[in-house]
2 protein chains.
Amino acid sequence: MSNAKAPLPNNPEGIDQDQFLTVLSREQALARFEAALFPRPVPAESQLLADALGRVLAGDVVAPIDVPPFDRSNVDGFAVRSADLAMAGEAAPVRLMLNDEVIACGTAPARPVLSGTATSIATGGPVPRGADAIVMVEHTQPAGPRAIEIRRAASPGQFVSYAGSDIARGEALLRAGTLIGSREIGMLAACGISQVPVARAPRVAVISTGDELVQPGKPLRPAAIYDTNGAIVTAAVSENGGEAVFLGAIADDESQLEAAMREALAASDMLVLSGGTSKGAGDLSHRIIARLGKPGIIAHGVALKPGKPLCLAVCDGKPVVILPGFPTSAMFTFHDMIVPVLRRMAGLPPRSDARVTAKVPVRIASELGRTEFVMVSLVEGDGGLIAYPSGKGSGAITSFAQADGFLKIDALADQMPAGTEAEVTLFTPHVRVPDLVIVGSHCTGLDLVTAPLARAGLVVRSIAVGSLGGLAAARRGECDFAPIHLFDEKSESYNTPYLADGLELVPGWRRMQGIVFRKGDKRFEGLSAQAAVRAALADPACIMVNRNQGAGTRILIDRLLGDIRPDGYWNQPRSHNAVAAAVAQHRADWGMTIAPVAQAAGLGFIPLAEEHYDFALVTARKQRPAVQAFLKALASDEGRAALVSAGFRPV
Amino acid sequence: MSNAKAPLPNNPEGIDQDQFLTVLSREQALARFEAALFPRPVPAESQLLADALGRVLAGDVVAPIDVPPFDRSNVDGFAVRSADLAMAGEAAPVRLMLNDEVIACGTAPARPVLSGTATSIATGGPVPRGADAIVMVEHTQPAGPRAIEIRRAASPGQFVSYAGSDIARGEALLRAGTLIGSREIGMLAACGISQVPVARAPRVAVISTGDELVQPGKPLRPAAIYDTNGAIVTAAVSENGGEAVFLGAIADDESQLEAAMREALAASDMLVLSGGTSKGAGDLSHRIIARLGKPGIIAHGVALKPGKPLCLAVCDGKPVVILPGFPTSAMFTFHDMIVPVLRRMAGLPPRSDARVTAKVPVRIASELGRTEFVMVSLVEGDGGLIAYPSGKGSGAITSFAQADGFLKIDALADQMPAGTEAEVTLFTPHVRVPDLVIVGSHCTGLDLVTAPLARAGLVVRSIAVGSLGGLAAARRGECDFAPIHLFDEKSESYNTPYLADGLELVPGWRRMQGIVFRKGDKRFEGLSAQAAVRAALADPACIMVNRNQGAGTRILIDRLLGDIRPDGYWNQPRSHNAVAAAVAQHRADWGMTIAPVAQAAGLGFIPLAEEHYDFALVTARKQRPAVQAFLKALASDEGRAALVSAGFRPV
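Residues numbered from 1 in each chain as written. Chains lettered and ligands numbered in written order. Predicted model: local features only at pLDDT ≥ 70, side-chain atom pairs only at ≥ 80, totals over all residues. Heavy atoms only, no water.

*Asks:* Explanation requested: the overall build of chain A in the structure shown.
*Replies:* Helix and strand content of chain A: 15 helices and 37 strands. For chain A, the C-alpha atoms occupy an extent of roughly 115 × 70 × 45 Å along the three principal directions. Burial status across chain A gives 57% buried among its 651 residues. With the model as given, the accessible surface of chain A reaches about 25,000 Å², and the carbon-plus-sulfur share is 54%. A distance of 2 Å separates the average location of the 62 positive side-chain charges in chain A from that of its 66 negative side-chain charges. (Helix = DSSP H or I, 4+ residues; strand = E, 2+ residues; numbered from the N terminus. Buried < 20%, exposed > 50% of the residue type's maximum accessible area, 1.4 Å probe, protein only. Areas by Shrake-Rupley, 256 points an atom, 1.4 Å probe, with all protein chains shown as cover. Lys, Arg positive; Asp, Glu negative; His and termini not counted. Charge placed at Lys NZ, Arg CZ, Asp CG, Glu CD.)

*Asks:* Please clarify how the pattern of salt bridges should be interpreted in this entry.
*Replies:* Charged atoms that come close allow side chains of opposite charge to pair. Within this structure, the stated rule accounts for 71 salt bridges over all chains. The closest approach of N and O atoms between Arg621(A) and Asp480(A), which form a salt bridge, is 3.3 Å. Placement of Arg621(A) in the loop between β36 (603-618) and α14 (625-635) and of Asp480(A) in the loop between α9 (466-475) and β31 (481-484) is noted, with a sequence separation of 141 residues between them. Judged by relative accessible area, Arg621(A) falls into the buried class, the value being 3%. Sharing partners across several salt bridges, the network here consists of Arg129(A), Arg518(B), Asp521(B), Arg523(B), Asp539(B) and Asp589(B). (Salt bridge = Lys/Arg side-chain N within 4 Å of Asp/Glu carboxyl O.)

*Asks:* How do you make sense of the packing of aromatic side chains when you look at a structure like this?
*Replies:* For any pair of aromatic rings, the description consists of the separation of the ring centres together with the inter-plane angle of the planes. Residues and elements named next belong to chain A. All told, the structure shown has 30 aromatic pairs over all chains when counted by the stated rule. With a centroid separation of 4.7 Å and an interplanar angle of 35°, the aromatic rings of Phe332 and Phe373 are classed as tilted. With Phe332 in helix α6 (residues 327-345) and Phe373 in strand β24 (residues 371-381), this residue pair connects regions lying 41 residues apart in the sequence. Residue classification places Phe332 among the buried positions, given a relative accessible area of 0%. Note on Phe373: relative accessible area 6%, which makes it buried. Ring pairing ties together the aromatic residues Phe481, Trp509, Tyr613, Phe615, Phe630 and Phe648, which thus form one cluster. Sitting above the plane of the Phe38 ring, Arg344 keeps its charged end 3.9 Å from the centroid. (Phe/Tyr/Trp six-rings, centres within 6.5 Å; stacked < 30°, edge-to-face > 60°. Lys NZ or Arg CZ within 6 Å of the ring centre and 35° of its normal.)

*Asks:* In this structure, what is going on with the packing of helix α2 (residues 182-190) of chain A against helix α3 (residues 229-239) of chain B? I would like to understand it.
*Replies:* Geometrically, a packed helix pair is captured by the angle between its two axes and the distance between the axes. The interhelical angle for the contact between α2(A) and α3(B), taken along N-to-C directions, is 165°, at an axis separation of 8 Å. Here α2(A) lies roughly antiparallel to α3(B), going by the angle between them. Of the two possible hands of crossing, α2(A) and α3(B) adopt the one that is right-handed. Here Ser182(A), Arg183(A), Ile185(A), Gly186(A) and Ala189(A) of α2(A) come into contact with α3(B), specifically with Ala231(B), Ile232(B), Ala235(B), Ala236(B) and Glu239(B). (Axes fitted to C-alpha atoms, helices over the stretch in contact; angles between N-to-C directions. Parallel < 35°, antiparallel > 145°, perpendicular 65-115°, else oblique. Left-handed = near helix turned anticlockwise from the far one by under 90°. Contact = heavy atoms within 4.5 Å.)

*Asks:* What am I meant to see in the sheet that holds strand β17 (residues 270-275) of chain B here?
*Replies:* The strands that make up a sheet are held in pairs by hydrogen bonds between backbone atoms, and each pair lies either parallel or antiparallel. Residue and element names in this part refer to chain B. An order of β16-β13-β17-β21-β20-β18 is seen for the six strands of this open sheet, with the pairing classed as mixed. Each having just a single partner strand, β16 (243-250) and β18 (295-300) make up the two edges of the open sheet. Ignoring strand direction, the axes of neighbouring strands in this sheet form an average angle of 15°. Both strand β13 (residues 203-209) and β17 contribute to a ladder of six bridges, which runs parallel. Directly across from Val206, in β17, lies its bridge partner Val272. Of the strands in this sheet, β18, β20 (311-315) and β21 (318-322) are in contact with helix α1 (residues 26-37), which crosses β20 at around 15°. Helix-sheet contacts for helix α4 (residues 254-267) involve β13, β16, β17, β20 and β21, and the interaxial angle to β13 is about 165°. (Pairing = 2+ DSSP bridges.)

*Asks:* Even after reading the chapter, I still don't get the relation of the copies chain A and chain B, so can you show me in this structure?
*Replies:* Superposition of chain A onto chain B requires a rotation of 180° combined with a translation of 0.0 Å along the rotation axis, giving an RMSD of 0.1 Å. Here the symmetry operator amounts to a two-fold rotation axis. Minimal C-alpha separation from the rotation axis in chain A is found for Pro429(A), amounting to 2.8 Å. Residue by residue, 100% of the interface of chain A is reproduced at the interface of chain B, so both copies engage with the same surface. (Least-squares fit on C-alpha atoms with pLDDT ≥ 70 in both.)

See below:
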């Protein structure tokens, strides 16, 4: 943080320099950032109306003409003088002579309507001089070659739209800051406007930093990860009125990074960096920012979770931002702290986020002293909306990307108790309440079974909280069913012993569990599971990967091992996939997973025992259409075939 | 309708042909249209991820890798074996030897962590073989050149994100039909996906028909109007997943129009025509459609208001639509009947419109036998939302473009009584309740005064219902104030006599009323108002334009005329602009309007008497910030100068 001592913009003497060494509150940081950037004019450019959709008006638009531009007939009929028809009635037809003219759309009338005459006029035609009302053709009868008869009075102005009655010349048609949608395009077109002043979208350069980043589409090196933030920040800039220019990932090399940042800033209105998850990488970017322009760093470290490492700077009037490296931290801080500034630069009004109230089903721990934002998924419970906190943390992209919104825990609270009614700010305009809610243990087989539901337009939400978490949710009535694979040691059976009142078991499929090892590992090839474990225990260089306490697979492993705790026993990931990855990547030499996962990872597999993956169905919800659709899909030939071909055994 | 006899697609014998001669209900028409078009596959194409924002996934995407791809450290620290630290405590430090390796981001570990050792690891680094937990660097002390000391136990898995814990290989990442936003881009990038299957946007050709149409930007001929529907339909197609191609306005010439329609349909997936307000023009398009392909016209005439003349056809599998010519009819039917089909062709889920409940302040008449949709503007009243029906009708673009949404009156009802609590379907995701609500008589001066409020981000809604309508709304507490210019003949004074309890007068500005005539008209040049009227009455060829009953200006005119009812007396438009347009366009030779309007229309003007344009303020709302901002703007030098330069006289 050694370079964070730039003076405050309004404080050129730098009296308060030390405050940059401390972490600012979210509100302080945002206020300082905005004070250093605004007010500033929104640069404008002229845009063809046909290309203006989605742009923002940079100035007020005043209607240059009346719409309609003339007194217009709203029907097909005859232009008349209403005074001529004052005495007309069923028994007292009035005869009007037809003028030698037919006013079509687009035809300027040439002759006046004198008393006792009428002129044929089409919908949209200009009302001729002298006429003050239109009689519908249906309400007239021909009366000889050049005359009509009318048997009802006409009120003055009848079926006439007067000039300027839609839009009056001189009125403020649209105000600066209006987002131009199809309706605004219509109003502008109606006035004949073909060029509009729009805000020039701020150019935002996006740079990812980090030696470990690989761009999507390229092969992934060992220990490398795909650059997620580059793509998501670039897209989020576009969604919020900016013109994003993604410059790729720059390695952690000071001179190379500085050159890239200088070039990007010179060509852009704003620079956003992301990456630099490790301390060293972050320091690099901060050191460079301090050299880029005045006033420099405004806030470095914000009492915000996720997002503490956020760095906000202003260099020669341009915002420069270093987002935290973790994807959910990066996106949440971008959404919360950068989007308001970007929208203001783009001339857009502040985003108006929808809010709903939802009950938190579980206690959420929080760190004292930091405002904490918790990403949540919403489902409909018996008593209203339920907000499930994402369990994946800020290092996961899905914590943000699959959330419906977030709730806030005050800096002074160390938790949010279960049962709290919390306000949830939505990421989308509406809550789309899912049609089918599945809470429990996830399995890729589940995605196969729900595929036809998704194709039929049903929204399926699957929240992975493990078997026991799913059972608890099912008992609370928060889901339609919970997928479980719980082994009861006493009864030596799966799942049924765990059912509570109000739940019933829907049999799912069997997943063959077995020992995995790298193909070609001579220690295990051709052995039974028991023999493989004996071989592993006999080799001191051999390391295992275990599973978490509570997993059915863990019970199987413990039975095979007895009291032995070999190397790797405490490596206890929570999923079948993590076991396969550990073995494939030489973190371990053997472990226990399920056949489809071993197959996908290209590992050798020794089958041992089938796991029962079933569904604890909430009986009260059984008749719901989406539940019925799921049960039908589960029993269908198509569903069973998909399960079989993925390596599962439907029952 | 002679060509409407194409057989139903599921009814090749055409048994029910006659039904096309009758008007269908909205639901029948939509059901038949959809039955003739669906199911059909959504054509897919591959799109670079960087260009996929806003597109729709055409297929399910399965995660090809685990994210993270390896067991990853979440902090800067040391990879350890947790068993080594089982006994560690404040009084019992454990010393671990450092392995000769530093695992940075992107570095694959080369050495295992054996018991009694630790490896330095950065955030994001892959956990090495043997290690099962990470200790934060803050919780360690250096203990010699190649060792560290740790005084607390580490739980297995501490600060490790396991492979696949964010996204598991094989899981259904995103489903077909998902609209790709920044969050979806992030999930795809995290998996390394750089190409996605997206729905090919349906190409929609848009043709305007009508000799009277002029494209925006071109000069307007007499009797011509600007083509509004072409631009708005084109934009609305883009907003709903289509790729719009606007082919301009085609004249009402059968062979020319047929050639254009055939060419457009051959190159597109859908054809939308609009225009043809008059009966003859409409028949032209219908005749052509009948020759374009089978099955042809599906519905011609729908019991829907606005929108009765809507024509739906399917020609060789492609939808062909003729929208009604009136802009609000065109847009409402497009929104209601065409958008569902377009979105389905584009692979998009149905639009989910938000709904609110609002009270209708006035009776709304409705035609029996047609489902009527009434465009409304929402304001906040004392007891909740108030829905003001648009008074401008379906011929106006602003009825649709300025509405917040619409309410529905059943086909069997002939009215909706004042006070009804109606469900309003919103055009936008949220109600943006205006900060300042002005209901009454509109004046372009008002736009000048509210300009600074708009610049400050306040939403000002002005609903033009005339002075008396505004007073009624103010008495009901539905607005902040009502602009009025009501002359009381008894007291010979403006506005004050009309105030009710709870209202107070805020003086506005004076508008000079006078006689308008075309410059150069020798009959009026140089005369006083009284003399000008005498001159007009003396010339039998001279025609006037009057104002509506109730207008203050009308009282002035009637005083000048006494009992005389000259030619044009019954031509009674409701606005100053319409009077100026009538004179400028030779519909009339003289009338009475206000100076700024006469000036804008380039007319001669003889001043007569000032009209008082004041504000009836709802006292209970006086302290609202937006009201205070308005009062401040009204009194400001800037506001007064703007009024003066536009021809008004502030008081």
